[in-house]
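Structural features, examined
Below are the chains, spelled out letter by letter.
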Amino acid sequence: MTPAISVVVPFYNVEPYIAQCLKSIRNQTFTDFEVLCVDDHGQDKSLSVVEKYVRLDPRFKLIRQEKNCGPGAARNRGIRVATGKYITFIDPDDWVEPDLLEKEHAAIVQYGVDSVWVGHRNYYEDDGSFKPAAPQVPAGLVKLDAEIVAGNQGAGWNKLSSLAFLRRYGVEFDEGIFHEDIGFVFRLCCFAGTIYQIPDALYNYRHRKGSTSTNAIAGNGKMMDMLEGWRRSLAYLRERGIFEEKKEWLLRLYGEHYALYLFLKPYKLEGTARLRSFLREIGFPAAFEPTQAEVLKAVAGCGTVHSWNLVYFFLLALSRLHPTARTREKWKTWLKVKFREK
């Protein structure tokens, strides 16, 4: 029988955590699901923990990669082999509340959207504390726009989506690079249009030392993969014929993330050089330059800029790369209205 939901759990060297993750899934109040545990060839005993759950519960299935390919490839393998009507992704070092799937399924059926998003809380392993995450999306039915897409932080793990929808539009995770979630979220948003947001904190996100994201920020040099992800998303827009419609979304989303890394001292010079090269490669700023109508509208409605907004400073820095003063001034004016205080 085809399950209602496929839950994809990629795992790699997470022996201390994965039992808690799988137990939280097995104890869901909603029971019509399959769990696809994708083995990415770690060196610890995570596999033996998964095999225990596979023997214990027929809903749990083991999918083995031929070699270590990273979390993006592992999640995409899950998309390819999933049989459920809907699909969600849970990281193996996190865990979920018992009513997560029940609430997600009820919402996606009731409102007929292609994706349902849920709130989460942060768990800090160092001191055992929990901190509620600030809401990034309004509750209820939400029409997606550039601001919401940029503010969602590219999390692939707090969403239940139609599997047919993901396959129809080629919505997958980036493979072979860090920040593989960002491209997934961007592609999903391009075609979902409207989503439903459940504000309840139903997903527990663990912050731990030694995680992939921590290593990326701490200095393993992989953060420059952000540019490769940007390039892939740009190609996606052009292939789908929606570049003009979604170009601001792309700039805002990657600007929000890349700005953080551009200001880290060890990578500032390297990051700036690569960014300049990339922008020349994609023909910036001609592709993103505001129109005359947008500039006139900005002049009429200028207000106070959010001085703390990183993406504002990122975009302002991009505008200063242009060789002509006239275009730099157009960008400056346009940015003021985009980030003015409401």
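Because the structure is predicted, anything quoted here is derived from the model rather than measured. (Residues numbered from 1 in each chain as written. Predicted model: local features only at pLDDT ≥ 70, side-chain atom pairs only at ≥ 80, totals over all residues. Heavy atoms only, no water.)

1. So, the overall build of the chain
Secondary structure summary: the chain contains 14 helices and ten strands in total. Taking all 342 residues of the chain together, 53% fall into the buried category. For the chain, long-range pairs separated by at least 24 residues make up 81% of all intrachain contacts whose partners lie at least 6 apart in sequence. Carbon and sulfur atoms make up 51% of the accessible area of the chain, which amounts to about 15,900 Å² in all. (Helix = DSSP H or I, 4+ residues; strand = E, 2+ residues; numbered from the N terminus. Buried < 20%, exposed > 50% of the residue type's maximum accessible area, 1.4 Å probe, protein only. Contact = heavy atoms within 4.5 Å. Areas by Shrake-Rupley, 256 points an atom, 1.4 Å probe, with all protein chains shown as cover.)

2. Points about the confidence of the model for the chain
Fine structural detail should not be taken from predicted coordinates in areas where pLDDT scores are low. Of all residues in the chain, 79% have pLDDT values of 70 or greater, and the mean over the chain is 85. Counting contacts from residues 212–220, a segment whose pLDDT is below 50, to residues more than four positions away or on other chains yields 13 contacts. (pLDDT = per-residue confidence, 0-100.)

3. Some points on the pattern of salt bridges
Counting across every chain of the model gives 18 salt bridges. For the salt bridge of Asp57 with Arg26, the shortest nitrogen-to-oxygen distance reads 3.1 Å. In this pair, Asp57 is assigned in the loop between α2 (46–56) and β3 (60–64) and Arg26 in helix α1 (residues 18–26), connecting sequence segments 31 residues apart. Given a relative accessible area of 32%, Arg26 falls into the partly exposed group. (Salt bridge = Lys/Arg side-chain N within 4 Å of Asp/Glu carboxyl O.)

4. Considerations on unusual backbone geometry
Phi angles above zero are rare outside glycine, and Asn13 is one such case at about 50°. The topology assignment puts Asn13 in the loop between β1 (5–11) and α1. What makes Asn13 partly exposed here is its relative accessible area of 27%. Here His179, not a glycine, exhibits a phi torsion of approximately 60°, which is positive. Tracing the backbone through its elements, the reader meets His179 in the loop between α6 (163–168) and α7 (180–192).

5. With respect to the side chain of Arg208
With respect to the helices, strands and loops of the structure, Arg208 is situated in the loop between β10 (194–207) and α8 (212–218). Arg208 gets classed as buried once you look at its relative accessible area, which sits at 15%. At 2.7 Å, the side chain of Arg208 and the side chain of Asp93 are in polar contact. (Polar contact = N/O pair within 3.5 Å; in protein donor to acceptor, adjacent residues only side chain to side chain.)

6. Here's the deal with the packing of α1 against α2
The interhelical angle for the contact between α1 and α2, taken along N-to-C directions, is 20°, at an axis separation of 10 Å. Considered as vectors, α1 and α2 are oriented roughly parallel to each other. Crossing hand, α1 versus α2: right-handed. Counting all contacts with α1, which are made through Ile18, Ala19, Leu22, Lys23 and Arg26, the residues of α2 involved are Ser46, Val49, Val50, Tyr53 and Leu56. Of the residues belonging to the contact of α1 with α2, the class tally is seven nonpolar, one polar and two charged. (Axes fitted to C-alpha atoms, helices over the stretch in contact; angles between N-to-C directions. Parallel < 35°, antiparallel > 145°, perpendicular 65-115°, else oblique. Left-handed = near helix turned anticlockwise from the far one by under 90°. Nonpolar A, V, L, I, M, F, W, Y, C, P; charged D, E, K, R; others polar.)

7. Description of the nonpolar core
If you look at the biggest cluster of nonpolar residues, it comprises 52 residues, and the most contacted ones within it are Ile87, Leu144, Leu166, Phe184, Phe186, Leu188 and Leu335. Sorting elements by how many residues they give to this core places α7 first, with eight residues. Once you skip the residues sitting within four places of it in the chain, Phe186 turns out to touch Val149, Ser233, Leu237, Lys246, Trp249, Leu250 and Leu253. By size, the runner-up hydrophobic cluster in this structure holds 37 residues, among which are Val7, Val35, Ile90 and Leu100. (Core = buried A, V, L, I, M, F, W, Y, C linked by side-chain atoms within 4.5 Å.)

8. Regarding helix α9 (residues 225–240)
With 16 residues, α9 extends 23 Å from end C-alpha to end C-alpha; this agrees with the ideal 22 Å at 1.5 Å per step. Trailing α9 by a residue or two, Gly241 shows a phi angle of about 70°, which is positive. (Expected span 1.5 Å × (residues − 1).)

9. Digging into the side chain of Lys246
Along the chain, Lys246 falls in helix α10 (residues 243–262). Here Glu245 takes part through its side chain, which lies 3.5 Å from a polar atom of the side chain of Lys246. Once you skip the residues sitting within four places of it in the chain, Lys246 turns out to touch Phe186, Cys190 and Leu237.

10. Here we look at the environment of Val49
Along the chain, Val49 turns up in helix α2. Judged by relative accessible area, which is 18%, Val49 ranks as buried. The spacing of Val49 and Glu15 is 34 residues in sequence and 7.5 Å in space, taken between C-alpha atoms.

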